[in-house]
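Residue strings, one per chain:
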2 protein chains.
Amino acid sequence: MQSGDSGEDRFIARFFRPIAGSAAALGLMDDAALLAPPDGCDLVLTKDAVVAGVHFFPDDPPASIARKALRVNLSDLAAKGAAPLGALLAIALPKGTPDAWMEAFAAALGADAAAFGCPILGGDTVSTPGPVTISLTALGSVPKGGFVPRTGAGPGQAIVVSGTIGDGALGLVLRQDAARRAFAGLDLEQRGHLLDRYLHPQPRLALAPVVRAYATAAMDVSDGLAGDVAKMLRVSGCGGRIEARRVPLSAAAAAVVAAEPALLATVLGGGDDYEIVACVPHARLPAFAADAARAGVPVARIGETRDGQGLDVTDAGGRPLDLGAGSFSHF
Amino acid sequence: MQSGDSGEDRFIARFFRPIAGSAAALGLMDDAALLAPPDGCDLVLTKDAVVAGVHFFPDDPPASIARKALRVNLSDLAAKGAAPLGALLAIALPKGTPDAWMEAFAAALGADAAAFGCPILGGDTVSTPGPVTISLTALGSVPKGGFVPRTGAGPGQAIVVSGTIGDGALGLVLRQDAARRAFAGLDLEQRGHLLDRYLHPQPRLALAPVVRAYATAAMDVSDGLAGDVAKMLRVSGCGGRIEARRVPLSAAAAAVVAAEPALLATVLGGGDDYEIVACVPHARLPAFAADAARAGVPVARIGETRDGQGLDVTDAGGRPLDLGAGSFSHF
């Protein structure tokens, strides 16, 4: 007599069935999920993997790990102008991972999935002799033809960015070296702001329809503003300039850079921003800004594209800044 | 001056751009892939993760690892009646993984993607201090309403299976203990057959439309025939019986079981079959068998469903067999 109820089934039933909010997951009783895409839409697909000790600290709260794993993918969708349809999760867990860890992870993932309208449709749970490894695939939709590529920028357009830049990267520095003099002037709230921005990206889903309406090219800023913009311009076949003084900073980041100017390189090159950077034709900038404001997302013009190739990041006097490697690379 | 060409970009350009066969991948220059789903279709989504040392041997040929990672997902699609649309790959690699390993992995993945009509649309490549970890998400499509669930079986239906059962599980035993007496009678070709079935699943995509046309419930056999059927019947709310003598065996598997009858438990419970098991109403069996033959896929009736619950696996005399745990579990 076979019960057909394996350890993996019980694991899924305990931790993931409660958070499977959509009929598409078939209560996670199937190996595959079913999803009816909206009529007349294109699908946008993104997949990011994160590894304990590489992309997050092994002792990060499991709720924070879950949120970041989902949100970095939602950030990719937003930058392409897409609305989320759902996500699939694969998680590899070391043997002996406490139940409390999985409970907190799954609860936070479920809460975020509900908050962002991105139901968990299914996935896979396996064991590993290595570190916790999470791979999340998110699906979104855009009206047919509405996908905003990374490759569409042309010369003579404004480079715009949402929110503030550098908080996540400075939050990581703060976490690694809390006694560093650059942070001495920050109050508790400012420190909390930086640490929170590193742990909990805020995907700019509200900006997605605005990006779709106005941007010729867009991407989310994950590996560092300067490097990511350079990448977008390179694949678009044009050059450009970012004026460092125009890059929007939070009060906390501005205070840190004032205390230690060399940290501007971290702000512009550190990554973990999960803001949207886009190119918008100059003539459409006022309408773009008005619609972004209506969507509740602050945006700033930080530079412009030009013929040729390469990206210059310039200081207040128009002189090129040297940011070193400029973009975080996992290799 | 920022080149926007990071190590990760070069890695993707070197190994994955050559195999990105579809416009949907945008040449892998974007963070997200674009896919226009066929009109009037539902999407079928599946995601399986595999870890070196858990799901495959670390010294397996990288080409075999790539093929299995893709094919186990295609097997899930086939069992749901779906045709592949594309796949996304996340791979976590230990530092120092030889270029030759990645070259062989990517080449085989690209060849399989082309052979099975499932283009690689995008993904993520990260480093890990742990073992090679691969998560693959496959998307497929069925005509609207055509998804074949695991939950639709009812009493009084035939249980059918494709191909032969047990070869993969015996291949694993052979690999671990080549000197075992049960294998002594096998010739080189038979040994090769078992080893190959373990390394290289053959997803039954040709059977997908037939499954869609006839099956009330279906799943692929990955964790062991007996356990998987028990699972399907449990979520369908009925019971059933498999007659062990009706389960189709290859000549190699039959010889092994004749030499060591206890290995029947491995055949029926070991898994790694990637065949399709389905329930088909008795009245439709002849038409099902004819269409399966036309698709070039051998199928066999191995039992029937009934009211109640639980699955009995019976021997030639109708007596229940005890298969022990019965289903491979990753926990």
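In the annotation of an unreviewed UniProt entry, the entry for chain A reads Thiamine-monophosphate kinase, and the organism field reads Xanthobacter dioxanivorans. Recorded in UniProt for chain A, the comment headed Pathway (unreviewed entry) runs: "Cofactor biosynthesis; thiamine diphosphate biosynthesis; thiamine diphosphate from thiamine phosphate: step 1/1." Regarding chain A, the relevant UniProt record gives this comment under Catalytic activity (unreviewed entry): "thiamine phosphate + ATP = thiamine diphosphate + ADP".

**Q** Looking at this model, I keep getting lost on the sheet that holds strand β11 (residues 311–314) of chain B. Mind explaining?
**A** By definition, the strands of a sheet pair up through backbone hydrogen bonds, in either a parallel or an antiparallel sense. Residues and elements named next belong to chain B. Sheet architecture is open: six strands sit in the order β7-β9-β6-β10-β8-β11, paired in mixed fashion. Strand pairing shows two members of the sheet lacking a second neighbour, β7 (217–221) and β11, which therefore form its edges. Taken pair by pair, the neighbouring strands of this sheet meet at an average axis angle of 25 degrees, ignoring direction. When strand β8 (residues 239–243) meets strand β10 (residues 299–306), the two strands line up antiparallel, connected through four bridges. Across the sheet, the residue bridging to R241 is E304, located in β10.

**Q** Any chance you could explain unusual backbone geometry here in plain terms?
**A** Leaving glycine aside, a negative phi is the common case for residues, and trans is the common case for peptide bonds. Non-glycine residue Y274 of chain A carries a positive phi angle of around 55 degrees. Position of Y274 of chain A among the secondary structure elements: in the loop between α9 (264–269) and β9 (275–281).

**Q** Would you mind going over the nonpolar core with me for this structure?
**A** Nonpolar side chains tend to gather and get buried jointly when the protein is soluble and globular. The biggest cluster of nonpolar side chains holds 53 residues, and the ones touching the most others in it are I91, F105, L109 and I134 of chain A. At nine residues, helix α2 (residues 62–79) of chain A tops the list of elements feeding residues into this core. Of the residues that make up this core, three or more belong to each of domain 1 (8–143) and domain 2 (157–314) of chain A. Once residues lying within four places of it in the same chain are set aside, the contact partners of I91 of chain A are F16, W101, M102, F105, D124, T125, V126, V132, T133 and I134 of chain A. The next biggest cluster of nonpolar side chains, apart from the first, holds 52 residues, and it includes A82, L136, L207 and F288 of chain B.

**Q** Sorry, what's going on with empty space enclosed by the protein here?
**A** A probe as big as a water molecule, rolled over the atoms, marks out the empty space that is left. Counted according to the given criterion, the structure contains two cavities of 30 Å³ or more. The space that makes up the largest cavity amounts to roughly 80 Å³. Taken together, 16 residues line the largest cavity, and the ones lying closest to its centre are T133 and S135 of chain A together with T133, I134 and S135 of chain B. For the lining of the largest cavity, the secondary structure elements donating two or more residues are β2 (41–51), β3 (83–94) and β5 (133–143) of chain A together with β3 (83–94) and β5 (133–143) of chain B. Grouping the constituent residues of the lining of the largest cavity by class yields 12 nonpolar, four polar and no charged. Approximately 30 Å³ is the volume attributed to the second largest cavity. Every residue along the wall of the second largest cavity is listed here: V160, V161, S162, L207, V211, I276, A278, F288 and V299 of chain A. Counting residues per element, the ones that place at least two in the lining of the second largest cavity are β6 (157–162) and β9 of chain A. The element best represented in the lining of the second largest cavity is β6 of chain A, accounting for three residues. Across the lining of the second largest cavity, the residue classes break down as eight nonpolar, one polar and no charged.

**Q** Mind showing me how you'd approach the side chain of T305 of chain A here?
**A** Residue and element names in this part refer to chain A. Structurally, T305 can be placed in strand β10 (residues 299–306). By relative accessible area, T305 is classed as buried at 4%. At 2.6 Å, the side chain of T305 and the backbone oxygen of G154 are in polar contact. In terms of polar contacts, T305 uses its side chain to reach the backbone amide nitrogen of G156, at 3.0 Å.

**Q** Is there a simple way to explain the pattern of salt bridges in this structure?
**A** Note that side chains of opposite charge can pair when their charged atoms are close. Residues and elements named next belong to chain A. Going through the model one piece at a time under the given rule, you end up with 41 salt bridges over all chains. The partner of D272 in a salt bridge is K68, with the nearest N and O atoms 3.0 Å apart. Here the residue D272 occupies a position in the loop between α9 and β9, and K68 occupies one in helix α2, the gap between them amounting to 204 residues. Judged by relative accessible area, K68 falls into the buried class, the value being 10%.

Cut-offs applied
- Residues numbered from 1 in each chain as written.
- Chains lettered and ligands numbered in written order.
- Predicted model: local features only at pLDDT ≥ 70, side-chain atom pairs only at ≥ 80, totals over all residues.
- Heavy atoms only, no water.
- UniProt positions renumbered as here; feature names shortened; annotations may be inferred.
- Pairing = 2+ DSSP bridges.
- Helix = DSSP H or I, 4+ residues; strand = E, 2+ residues; numbered from the N terminus.
- Axes fitted to C-alpha atoms, helices over the stretch in contact; angles between N-to-C directions.
- Core = buried A, V, L, I, M, F, W, Y, C linked by side-chain atoms within 4.5 Å.
- Buried < 20%, exposed > 50% of the residue type's maximum accessible area, 1.4 Å probe, protein only.
- Domains from an automatic or database assignment.
- Contact = heavy atoms within 4.5 Å.
- 1 Å grid on protein atoms, 1.4 Å probe; cavity = no way out; pocket = protein on both sides within 12 Å on 5 of 7 lines; lining within 4 Å.
- Points joined across faces, edges and corners; volume = space filled by probe spheres on them.
- Nonpolar A, V, L, I, M, F, W, Y, C, P; charged D, E, K, R; others polar.
- Polar contact = N/O pair within 3.5 Å; in protein donor to acceptor, adjacent residues only side chain to side chain.
- Salt bridge = Lys/Arg side-chain N within 4 Å of Asp/Glu carboxyl O.

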